[in-house]
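Coordinates in review
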Amino acid sequence: MSEMMKIKQNILSQLSGLCAHCSSGSNRQHRCPVREISLRVQSLRGVPLIVNSQFKGVLWPRI
């Protein structure tokens, strides 16, 4: 797993704890702003910037 994927997984796990319904594993339907943010984080794409074997960020493609 790449460093960028590890960071994204860490962010997603932290975000899931912010919603009481999602963190409890409830199947109850609710409008979850945390889930919307999580989907945006999952969709992030770019080229990892690594300097001296350290992850420094992501270069975003221009469209």
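Below: a short report on this structure. (Residues numbered from 1 in each chain as written. Predicted model: local features only at pLDDT ≥ 70, side-chain atom pairs only at ≥ 80, totals over all residues. Heavy atoms only, no water.)

Brief notes about the overall build of the protein
Summing up its helical and strand segments, the protein has three helices and two strands in all. When the elements of the protein are put in sequence order from the N terminus, they spell out α-α-α-β-β. The C-alpha atoms of the protein give 15 Å as radius of gyration, which overshoots the globular expectation for 63 residues (11 Å, by more than 25%). Along the first, second and third principal axes, the C-alpha atoms of the protein reach 45 × 25 × 15 Å. Split into buried and exposed, the 63 residues of the protein put 17% on the buried side. Contacts in the protein between residues at least 24 apart in sequence constitute 33% of all its contacts with a sequence separation of at least 6. Entry remark: accessible area of the protein is about 5300 Å², with carbon and sulfur atoms responsible for 54%. (Helix = DSSP H or I, 4+ residues; strand = E, 2+ residues; numbered from the N terminus. Rg over C-alpha atoms; globule rule 2.2 N^0.38 Å. Buried < 20%, exposed > 50% of the residue type's maximum accessible area, 1.4 Å probe, protein only. Contact = heavy atoms within 4.5 Å. Areas by Shrake-Rupley, 256 points an atom, 1.4 Å probe, with all protein chains shown as cover.)

Topic: the side chain of His30
When you line up the elements, His30 lands in the loop between helix H2 (20–23) and helix H3 (33–42). A polar side-chain atom of His30 sits 3.0 Å from the main-chain carbonyl oxygen of Arg28. When sequence neighbours within four positions are dropped, the list of residues in contact with His30 reads Cys19, His21, Cys22 and Arg35. (Polar contact = N/O pair within 3.5 Å; in protein donor to acceptor, adjacent residues only side chain to side chain.)

Considerations on the pairing of strand S1 (residues 47–51)
Note: S1 against strand S2 (residues 54–59), five bridges, orientation antiparallel. Each bridged residue has a counterpart across the sheet, and for Pro48 the counterpart in S2 is Val58. Hairpin remark: S1 followed by S2, antiparallel, with two residues in the connecting loop; positive phi at Asn52, about 50°. (Pairing = 2+ DSSP bridges.)

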